[in-house]
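# Report on the structure
Letter by letter, the chains look like this.
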Amino acid sequence: MYTFSSDTICAVATALGGAIGIIRVSGPKAIDITDSIFVPTQRGRKLCDRKPYTLAFGNIVDRNNDTETNGNQTDKAEYEIVDEVLVSIFRAPHSYTGEDSTEISCHGSGYIMQRIMQLLISNGCRPAGPGEYTQRAFLNGKMDLSQAEAVADLIASNSAASHRMAMNQMRGSFSKELSALRDKLLHLTTLVELELDFSDHEELEFADRHELTGVAQNIKDVVSGLIASFRQGNVIKNGIPVAIIGETNVGKSTLLNRLVGEERAIVSDIHGTTRDVIEDTVNINGKMFRFIDTAGIREATDTIESMGIGRSIEKIKQAEIVLMLLDSTCAATQYAELSSKILPLCKDKILIVVINKSDINNKTIALPLPPHTKSISISAKSGTGVETLRHILSESFSLPEESANGVIVNNLRHLTALKSAHADISRVLNGLASNIPTDLVSQDLRNCLYHLGEITGGEIQPEAVLENVFKHFCIGK
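Cut-offs and rules
- Residues numbered from 1 in each chain as written.
- Predicted model: local features only at pLDDT ≥ 70, side-chain atom pairs only at ≥ 80, totals over all residues.
- Heavy atoms only, no water.
- Pairing = 2+ DSSP bridges.
- Helix = DSSP H or I, 4+ residues; strand = E, 2+ residues; numbered from the N terminus.
- Axes fitted to C-alpha atoms, helices over the stretch in contact; angles between N-to-C directions.
- Contact = heavy atoms within 4.5 Å.
- Buried < 20%, exposed > 50% of the residue type's maximum accessible area, 1.4 Å probe, protein only.
- Parallel < 35°, antiparallel > 145°, perpendicular 65-115°, else oblique.
- Left-handed = near helix turned anticlockwise from the far one by under 90°.
- pLDDT = per-residue confidence, 0-100.
- Core = buried A, V, L, I, M, F, W, Y, C linked by side-chain atoms within 4.5 Å.
- Nonpolar A, V, L, I, M, F, W, Y, C, P; charged D, E, K, R; others polar.
- Expected span 1.5 Å × (residues − 1).

The next point concerns the sheet that holds strand β13 (residues 321–327). The sheet built from six strands is open, its strands ordered β11-β12-β10-β13-β14-β15 with mixed pairing. Looking along the sheet, the strands with just one partner apiece sit at the ends: β11 (278–284) and β15 (374–377). With direction set aside, neighbouring strand axes in the sheet form an average angle of 25°. Inspection of the sheet shows strand β10 (residues 240–245) paired to strand β12 (residues 287–293) by five bridges, in the parallel sense. Following the sheet pairing, Ile-240 is matched in β12 by Phe-289. Relative to the sheet, helix α9 (residues 252–260) contacts β10, β11, β12 and β13, its axis offset from that of β12 by approximately 160°. Helix α12 (residues 386–396) rests against β10, β11, β12, β13, β14 (350–356) and β15 of the sheet, and its axis sits at about 175° to β14.

In structure tokens:
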């Protein structure tokens, strides 16, 4: 079921500087307003007379002394040609927004696109807000809220894994999983509500308690799997966090600059130069890694350095991979000093010991490493061994295409709603086990349905949530 908005919006949908620019127009008057500034070549038909899903070739014009006869252009019409364009025509409900829409493909000049925007606005359009096209698509039933959010993730995807995850969600894989859960919950709720309706007849029991418990446990297991997948989803979306740690002046900042390919961090022979966390991302073999250069771990000499070291410890806790960087000239001593502080934080992480400054000392150094810990000798300054380190990083962390139940959650809003639903269904199970009154079980089932509905937008007040969802979108989408 689609609805029409009262106004018609327009926006530039492409970045400036390209050869081609696209301006999108959507709303009840989209075709008429575009018609008012468009002149087809060879006296062709107006846009409103053309079939949908076709292209019209012609000119965008700025009319001065426009003369018309019976609604058609005369040979004496005077206007300035702004650009030669192609116009795509879409009619409701079969468009991205579910409304009548046009897309004007023009040359990518910022001046040209600004002129066309001004003409559209002067003829009745208004500029679109951030994410308003996708918001209209949601409100008109073209996609649910989780699919709409995936559009923003798709635009921001910066690796093969993040692209695949966003595309799967936009195509409805998460929505289908939630729909199946909600169908099961509705079945449970219906049976329980029937018992409430006939509560005066104690002998009637519409819902077998054993069956209810089995279905509720299945729902809880699926929700638990979705919650657990957030760790993977967050890594895919934001990059695999890699903390570069070590004592001061071992070359952490030099290694960061070498890995990301630019002078991202200040490099100095002075101890304690890095006093705060520095982060940057790089794509290695289709996987996005987020490297974190931390402050050197030592006994701090001042308050600011102490704060930086404290933040370094926090980043180690958040990392999936830890690069322990050692100076080859004193690697054994540094490893002994760092082990007691660092190794307890790396129990559930991938630890790679990197012995730097091999250009100064390239002797083999034996260290008492924990099981499954990799080690490599490099020279961050010259770049020797850095490509091998990149390969080790790429091979050390696997990004599954999908979780066990077919979906990876990567949105904090979704995670919050899932945790609430998990708490609700847990109370249902506890209630069934304790034989609590049916009306209390029914309320927890309804709460679970509500929290799952929050994710797709099925049972929420649009004004309360939509602004927060779509305000982060770019203009034109």
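Next comes the rest of the write-up.
A few words now on the side chain of Thr-97. Among the secondary structure elements, Thr-97 is positioned in the loop between β7 (79–90) and β8 (101–107). A residue is classified by how much of its surface remains accessible, and Thr-97, at 2% relative accessible area, is buried. Discounting chain neighbours no more than four positions away, the residues touching Thr-97 are Ser-26, Tyr-133, Arg-136, Ala-137, Asn-140 and Lys-142.

A separate point is the packing of helix α13 (residues 412–434) against helix α14 (residues 438–456). Geometrically, a packed helix pair is captured by the angle between its two axes and the distance between the axes. Taken N-terminus to C-terminus, the directions of α13 and α14 make an angle of 165°; their axes are 8 Å apart at the nearest point. As summarised for this structure, α13 and α14 are arranged roughly antiparallel, according to the angle between their axes. In this structure, α13 meets α14 at a crossing whose hand is left-handed. The segment α13 lies against α14, with Arg-413, His-414, Ala-417, Leu-418, Ser-420, Ala-421, Asp-424, Ile-425, Arg-427, Val-428, Gly-431 and Leu-432 engaging Val-441, Asp-444, Leu-445, Asn-447, Cys-448, His-451, Leu-452, Glu-454 and Ile-455.

Turning to the confidence of the model for the protein, a few remarks are in order. Across the protein, pLDDT averages 83, with 81% of residues at or above 70. Scored below 50 in pLDDT, residues 67–76 makes 12 contacts in the model with residues more than four places away or belonging to other chains. Below pLDDT 50 for its whole length, residues 264–276 participates in 37 contacts with residues either more than four positions away or in separate chains.

Moving on: the nonpolar core. Residues Phe-174, Leu-181, Leu-185, Leu-226, Leu-418, Ile-425 and Leu-445 are the most contacted members of the largest nonpolar core, which totals 30 residues. Taken together, the elements giving at least two residues each to this core come down to α6 (173–197), α7 (209–228), α13 and α14. Among the elements that line this core, the one with the most residues is α13, at eight residues.

Relative to each other, helix α4 (residues 145–156) and helix α5 (residues 160–170) sit at 155°, their axes nearing to 8 Å. Our classification of the angle between α4 and α5 gives roughly antiparallel. Here α4 and α5 pass one another in a crossing that is left-handed. The residues of α5 that touch α4, namely those facing Ser-146, Gln-147, Ala-150, Val-151, Asp-153 and Leu-154, are His-163, Ala-166, Met-167, Gln-169 and Met-170. Within the contact of α4 with α5, the residues separate by chemical class into six nonpolar, four polar and one charged.

With that settled, consider α4. The end-to-end C-alpha distance of α4, which contains 12 residues, comes to 17 Å, matching closely the 16 Å that a straight helix rising 1.5 Å per residue would cover. The set of residues buried in α4 consists of Leu-145, Ser-146, Gln-147, Ala-148, Glu-149, Ala-150, Val-151 and Asp-153.

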